[in-house]
Protein chains: 2
Amino acid sequence: MGEQLRLTVDRRSPVPLYYQVARQLEQAIASGEVSPGFKLDNEISLADQLGLSRPTMRRAIQELVDKGLLVRKRGVGTQVVHGRVHRELELTSLYDDLRGSGQQPSTRVLLNVREPATAEVADELGIAEGEEVLHLERLRLADDEPLAVLRNWLPANVISPTDEELEGGGLYQLVRDAGTHVQIARQRIGARGATTQEARLLGRRKNDAVLTMQRTAYADSGRAIEYGDHCYRPEAYSFEVTLVER
Amino acid sequence: MGEQLRLTVDRRSPVPLYYQVARQLEQAIASGEVSPGFKLDNEISLADQLGLSRPTMRRAIQELVDKGLLVRKRGVGTQVVHGRVHRELELTSLYDDLRGSGQQPSTRVLLNVREPATAEVADELGIAEGEEVLHLERLRLADDEPLAVLRNWLPANVISPTDEELEGGGLYQLVRDAGTHVQIARQRIGARGATTQEARLLGRRKNDAVLTMQRTAYADSGRAIEYGDHCYRPEAYSFEVTLVER
DNA sequence: AAAGACAGAATGTTAGGACAAAGTCTTGAC
DNA sequence: GTCAAGACTTTGTCCTAACATTCTGTCTTT
């Protein structure tokens with residue numbers, strides 16, 4: 001297969017050079033322009049071809065190694081990994097994920113109130129028990145099929161959304177629009193039997209298996225922004241993770 | 001809190017300098033020697049203190065930023081993140097995870113045979129249907145409590161373990177001992193009701209919720225090394241993931 | 001013919017310097 | 001007193017350069 005990687009960089013662009021190269025490489029792999037096992041030219045040669053220094057070229061490659069798309073071996077070279085490539089578990093909202101995969105997401109707001117934080121919520125958010133928090137409960141649907149029950153608690157001053165705003169998009173979009181940058185999130189993924197309420201909302205029976213996810217998200221200031229306790233219909237949703245040995 | 005970070009490097013060690021520094025920083029954070037919100041000295045000053053160049057110091061810090069332990073902001077500095085720090089989902093075996101957390105892992109071998117690959121297994125391993133594979137089924141216990149049912153398929157020539165070897169440790173250890181380096185793995189995490197057999201093994205009832213994980217692992221050669229289909233008792237096990245916005 | 005020595009090729013680590021961009025704080029003008 | 005301009009601090013990007021380490025294949029020797 002006459003594979004030939006053609007990369008370019010635009011030095012007038014404000015986008016970092018290593019980032020430009022990484023995205024093009026990623027695109028070439030995702031589109032199948034280069035197939036699994038394809039061996040890249042060595043770093044120095046690639047850098048020369050693009051008029052870059054080796055560290056910059058190396059950084060671009062490293063990005064994709066970290067993502068699990070390329071494999072490097074000392075003394076040998078760099079190859080495109082074998083096996084299917086799929087979308088990563090990223091810091092995106094379920095809403096955006098669904099739209100990205102061609103489904104039609106929608107939201108039903110079940111609860112949108114302010115209340116004092118319970119001990120559990122206060123602990124997760126790192127605030128005092130009883131402090132006011134925004135409590136949201138939403139039912140997320142994909143193509144009008146119930147997919148997940150989303151329960152979230154946010155410190156009082158992060159956002160004050162109307163029901164309409166909640167129905168029009170994802171929670172993270174609202175947080176970003178409010179000028180808060182979500183930097184890091186910790187998730188715990190598990191399973192349990194559905195409660196009566198969850199079963200009713202998801203169209204299942206009580207104690208049928210549901211996939212659960214608890215998440216605490218932090219802003220770049222280090223402050224906790226959101227605690228979420230979600231449960232998903234397992235036939236319709238699963239999490240994917242790629243692990244790379246460094 | 002009289003916090004003072006004391007780092008050292010050993011230039012005679014074959015361990016890379018950035019790695020030495022990263023591990024010490026990680027240790028200091030994990031042990032609580034520096035508390036959340038602690039502001040590190042700037043990169044140049046830290047590099048000077050250790051007699052390192054700025055790129056090396058920067059790389060050490062980057063490692064921890066990627067792990068979600070530190071947060072950097074341009075013009076401001078680098079801080080230890082708020083919130084609890086817990087063990088990462090890494091490319092380690094369940095066996096090692098359990099031992100690391102102070103529990104006593106054990107294994108009961110249910111099946112250890114060679115058989116022709118089914119279509120599903122062949123597809124996951126990237127081999128031809130009907131090609132010989134090693135098929136393992138194990139029950140993993142923690143402190144004599146059943147924890148997970150582990151089903152694995154490996155290409156025929158990777159390992160040939162005895163039941164005793166399987167009972168003495170994790171699968172990945174055997175693969176490593178055979179000289180194969182596991183480089184990357186893709187995992188899909190979901191949930192479903194337990195089958196009759198799983199329920200019996202795990203001490204649950206049929207259709208009780210179990211947490212499931214399907215994994216395909218690849219060697220650094222790009223060849224698939226293992227396909228696993230595991231299910232866990234959800235009260236006893238969950239997956240943790242840290243997501244970092246870059 | 002097989003085993004070991006050696007050279008070549010590729011990535012891994014480290015150094016040191018320069019400038020850019022973003023956030024914070026001080027200073028000065030109104 | 002308030003607001004804006006500018007100085008300063010700190011991380012972000014990029015460069016050149018050198019040497020180390022590991023793997024592969026070849027060539028020599030036995």
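Residues numbered from 1 in each chain as written. Chains lettered and ligands numbered in written order. Predicted model: local features only at pLDDT ≥ 70, side-chain atom pairs only at ≥ 80, totals over all residues. Heavy atoms only, no water.

The name an unreviewed UniProt entry assigns to chain A is GntR family transcriptional regulator, from the organism Nocardioides gansuensis.

Time to look at the overall build of chain A. Secondary structure summary: chain A contains eight helices and nine strands in total. The principal-axis extents of the C-alpha atoms in chain A amount to approximately 60 × 40 × 30 Å. Counting across all 246 residues of chain A, residues that qualify as buried make up 50%. Here the analysis covers contacts within chain A between residues at least 6 apart in sequence; of these, 59% occur between residues at least 24 apart. (Helix = DSSP H or I, 4+ residues; strand = E, 2+ residues; numbered from the N terminus. Buried < 20%, exposed > 50% of the residue type's maximum accessible area, 1.4 Å probe, protein only. Contact = heavy atoms within 4.5 Å.)

Further remarks concern the sheet that holds strand β6 (residues 182-193) of chain A. Pairing is antiparallel in the open sheet, where seven strands are placed in the order β3(A)-β4(A)-β5(A)-β8(A)-β7(A)-β6(A)-β9(B). Where the open sheet ends on each side, the last strands, each with one partner, are β3 (105-116) of chain A together with β9 (239-244) of chain B. In this sheet, adjacent strand axes meet at a mean angle of 15° when their direction is disregarded. Here β6 of chain A pairs with strand β7 (residues 209-219) of chain A via 11 bridges, running antiparallel. By the bridge assignment for β7 of chain A, Arg192 of chain A is matched with Val210 of chain A. (Pairing = 2+ DSSP bridges. Axes fitted to C-alpha atoms, helices over the stretch in contact; angles between N-to-C directions.)

Time to look at the domain arrangement of chain A. Each assigned domain of chain A is listed with its residue range as follows: domain 1 (17-80) and domain 2 (85-240). Each of domain 1 of chain A and domain 2 of chain A was reduced to a C-alpha centroid, and the two centroids are 36 Å apart. (Domains from an automatic or database assignment.)

What follows is about the environment of Ser31 of chain A. All names here are of chain A. Here Ser31 shows up in the loop between α1 (17-30) and α2 (43-50). On the accessibility criterion, Ser31 (45% relative accessible area) is partly exposed. At a separation of 3.3 Å, a polar atom in the side chain of Ser31 contacts the main-chain amide nitrogen of Glu33. (Polar contact = N/O pair within 3.5 Å; in protein donor to acceptor, adjacent residues only side chain to side chain.)

Residues in close proximity to DNA strand C total 25 residues, the closest being Arg58 of chain A together with Arg11, Leu17, Thr56 and Arg74 of chain B. For DNA strand C, the fraction of atoms within 4 Å of the protein that belong to sugar or phosphate moieties is 71%. The separation between a base nitrogen of DNA strand C and a polar side-chain atom of Arg54 of chain A is 2.8 Å. Here Gly75 of chain A contributes a backbone N or O atom positioned 3.5 Å from a base nitrogen of DNA strand C. (Near = heavy atom within 4 Å.)

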